[in-house]
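Fold and contact review
Next come the chains, spelled out residue by residue.
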Amino acid sequence: MLAIRKLSCNVLRATHAVSLLSANEISREKRSLCHSSVLQSIISPLDTVKLAATELEFHDHSVTPRHVFPSMSGTILVQARDLAKLGMDIQSAAQECRYDDVWRFFKQHMQMEGFPRKSVVKQMLICYAQSLDTHWLEKAFGLVEQAFEGGKQTLFEKEALLYLSLALARSGLPVPASVIMRRLIKMEEYPPVSAWSAIVAYMSQSAPGAYLAAELILEIGYLYQDNRVDTRKKSNAPLIAMKPNTLACSIALAGCLLFGTTRKAEHLLDMMPRIAVKNDSNLLIIMSHIYERNGRREELKKLRRFIEEAPNLTDAQFRQYNNCMLNCHLKFGDLDSASNMVLEMLQKAKQARNSLAVLKLNFDSVENRNPSPSEQVSVNSGSAHVAKLETAMSPFILFDDFSKDRKFTKLEAEARELLDSMLIRLQKQEDMIATEHGILQPTERTYVKLAKAFLEAGKIKGLTEFLIKAAEKEDSPVSTDESILVQVINSCISLGWLDQAHDIIDEMRFSGITPSSSLYSSLLKAYCEANRIPEITSLLREVKKAGVQLDSSCYEA
């Protein structure tokens, strides 16, 4: 109050002085008043009112003062208050998920001062990451890139960037997700593999993402090759925790398989021994698929020992390995190995049927083998797979739970679920071999592919011998309509491969097996439709010689 009274007295003196002084004296008095220690020392809303009154008095005397008092300190205080308020506005809008307001306040802050303080930036990233909206995720990524380009990487915390990378990968944005991962590594803020394996798993759900995931693991793995990291140093603990493990490698390899980048997958396979990645049953089966796709038959053969010795190997996994082996034989045109493999399956199945071994196998299967997700899904369970995948991807973990889970066990569980869904998709791509009570059985497709390969190679005799042996091992008559040999002949007839069908029938006769009348009838009708008179005559001569009675409809044809 004392300061206010002093100010009032000064104002009255100034007003009285103005009425007596000349124009020059008015100017001198005005400058003196502007530099008055009393006015400079008091800054308050009431000062503004008094000062306005003084300016009005000067204006009435036709004097326009240039300055009343310096305004720099007031401007600074107002600006500081505005920046603090903007920061609070950004945080409040972020907590309430008002994404547009968050971005508007952020732009205002950038225009006034640049980037907000660290805690505000963190809140922005969390807000946009939890939205899982592509537009706002791209905005958040652009913010990060702008800060890094300006040398402001200290604005970001490791957890916030890792959380944003997870959200980007989950939302189908693998490129920015991998960029942020590389930023973290460059900052030496090493994310543990239990966390980034989930990021790689979400990235691997698309073709571009699967390729980038493999590249990322190759880059990370390079840091550990040839014992570059000393595991004895405690200071290297964060770096050691980032090292690619079996789960991460399995996910990346499965992604490469699903989207056809198996050559990149081989680069990963070459790196894994150099960083001491351990094999498990899932990884061994994935390796089998890669070797089969790339035609690496010798490497695939070497895997058999590891497959048979692998703990907790399921029937479905063993079936997949043998399916890969059979496919590889066919790719190489090795029909002898392929047919021998099928005959061996049939022989083991026959032994199991003729003994009590099947009971023991059933018991062991229940007691010792844990059914994998792959075994629990049938061939036609596409909807079940989609439902499983959706369950694995929802709900998105909140940041509070993310930051509390110091060992990232929830993310690791998500990564395992995604890997299971990828393995299910891989299993659906092959159906040449089935399992029954733990015993491998060739499917109809197996016989079709083998028969086609034999026919294309012109090995009619080899095909006939194989089919006769297969029928014998299945304890089924060779000449009946249900036998695989007769079915192959009928398939050739329906496809118009009449010469091949006739050759197989001839090989049957040479082997001492009399073809059924239905086979001769089908072939004769096909010859008649094709108007192949010489072949019709030859076939009728063979029928008469074999003593087979044809249906009267054949002669009408």
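Bear in mind that the values here come from a model prediction, so they are computed numbers and not experimental data.

How each quantity is defined
- Residues numbered from 1 in each chain as written.
- Predicted model: local features only at pLDDT ≥ 70, side-chain atom pairs only at ≥ 80, totals over all residues.
- Heavy atoms only, no water.
- Helix = DSSP H or I, 4+ residues; strand = E, 2+ residues; numbered from the N terminus.
- Buried < 20%, exposed > 50% of the residue type's maximum accessible area, 1.4 Å probe, protein only.
- Disulfide = S-S within 2.5 Å.
- Salt bridge = Lys/Arg side-chain N within 4 Å of Asp/Glu carboxyl O.
- Axes fitted to C-alpha atoms, helices over the stretch in contact; angles between N-to-C directions.
- Parallel < 35°, antiparallel > 145°, perpendicular 65-115°, else oblique.
- Left-handed = near helix turned anticlockwise from the far one by under 90°.
- Contact = heavy atoms within 4.5 Å.
- Nonpolar A, V, L, I, M, F, W, Y, C, P; charged D, E, K, R; others polar.
- Pairing = 2+ DSSP bridges.
- Phe/Tyr/Trp six-rings, centres within 6.5 Å; stacked < 30°, edge-to-face > 60°.
- Lys NZ or Arg CZ within 6 Å of the ring centre and 35° of its normal.
- Core = buried A, V, L, I, M, F, W, Y, C linked by side-chain atoms within 4.5 Å.
- pLDDT = per-residue confidence, 0-100.
- Expected span 1.5 Å × (residues − 1).

If you check the backbone angles, C97 has positive phi at about 60 degrees while not being a glycine. Topologically, C97 is positioned in the loop between α5 (72–95) and α6 (99–112). Unlike most non-glycine residues, N312 shows phi in positive territory, near 60 degrees. As for its placement among the helices and strands, N312 is situated in the loop between α17 (297–309) and α18 (315–331). Overall, the relative accessible area of 52% leaves N312 in the exposed class.

Following the criterion strictly, the structure yields 0 disulfides and no others. A disulfide-free cysteine, C127 has its sulfur positioned 5.4 Å from the sulfur of C97, the nearest such atom.

A separate point is the pattern of salt bridges. In this structure the tally under the stated criterion is 24 salt bridges. Here E145 ties to R183 by a salt bridge, and the two come within 3.0 Å at their closest N and O atoms. On the criterion of sequence distance, the pair formed by E145 in helix α8 (residues 134–149) and R183 in helix α10 (residues 174–186) is long-range, its members being 38 residues apart. Put simply, R532 and E535 hold a salt bridge, and the shortest N to O gap is 3.2 Å. Note on R532: relative accessible area 22%, which makes it partly exposed. Note on E535: relative accessible area 24%, which makes it partly exposed. One connected set of salt bridges, linked through shared partners, spans E96, R98, D101 and R104.

Orientation of helix α15 (residues 262–271) relative to helix α16 (residues 281–293), taken along the N-to-C sense of each, is 125 degrees, at an axis distance of 10 Å. One way to sum up the angle between α15 and α16 is to call them oblique. Like other packed secondary-structure pairs, α15 and α16 cross with a definite hand, here left-handed. Of α16, the residues touching α15 (which contributes T262, A265, E266 and L269) are M287, I290, Y291 and R293. Its residues assigned to classes, the contact of α15 with α16 shows 5 nonpolar, 1 polar and 2 charged.

Here we come to the pairing of strand β2 (residues 439–442). Burial of the side chains of β2 extends over both faces: I439 and Q441 are buried on one face and L440 and P442 on the other. One ladder, built from 4 bridges, connects strand β1 (residues 433–436) with β2; its direction is antiparallel. Of the residues in β2, the one forming a bridge with I433 is P442. The antiparallel hairpin formed by β1 and β2 contains 2 residues in its connecting segment, where H437 sits at a positive phi of about 55 degrees.

Moving on to the packing of aromatic side chains. Scanning all chains against the criterion turns up 14 aromatic pairs. When the centroid spacing of 5.2 Å and the interplanar angle of 75 degrees are considered together, the rings of Y163 and F399 count as edge-to-face. With Y163 in helix α9 (residues 158–170) and F399 in helix α22 (residues 399–404), the pair connects residues that are 236 residues apart, well separated along the chain. For the pair Y163 and F399, one class covers both residues: buried. Ring geometry for Y163 versus F402: centroids 5.1 Å apart, planes at 55 degrees, classification tilted. Pair noted here: Y163 is in helix α9 and F402 is in helix α22, with a separation of 239 residues, a long-range link. Using a relative accessible area of 1% as the deciding quantity, one classes F402 as buried. Sitting over the face of the ring of Y222, R228 holds its NZ or CZ atom 4.2 Å from the ring centroid.

This brings us to the nonpolar core. The nonpolar side chains of soluble globular proteins are, as a tendency, buried together. With 158 residues, the main nonpolar core has L125, F156 and W196 as its most contacted residues. Counting residues per element, this core draws most heavily on helix α14 (residues 246–258), at 10 residues.

Okay, the confidence of the model for the chain next. Residues at a pLDDT of 70 or more form 76% of the chain, whose mean pLDDT is 80. Per-residue pLDDT stays below 50 along residues 369–392; that stretch engages in 38 contacts with residues further than four places along the chain or on separate chains.

Bringing α16 into the picture now. With 13 residues, α16 extends 19 Å between its outermost C-alpha atoms, agreeing within 8% with the 18 Å of an ideal straight helix rising 1.5 Å per residue. With 11 of its 13 residues buried, α16 lies for the most part within the structure. Among all positions in α16, only S281, L283, L284, I285, I286, M287, S288, H289, I290, Y291 and E292 are buried. At the C-terminal side of α16, G295 shows a positive phi close to 70 degrees.

The buried fraction of helix α11 (residues 193–203) amounts to 11 of the 11 residues, a majority that puts the element mostly inside the structure. Buried within α11 we find V193, S194, A195, W196, S197, A198, I199, V200, A201, Y202 and M203.

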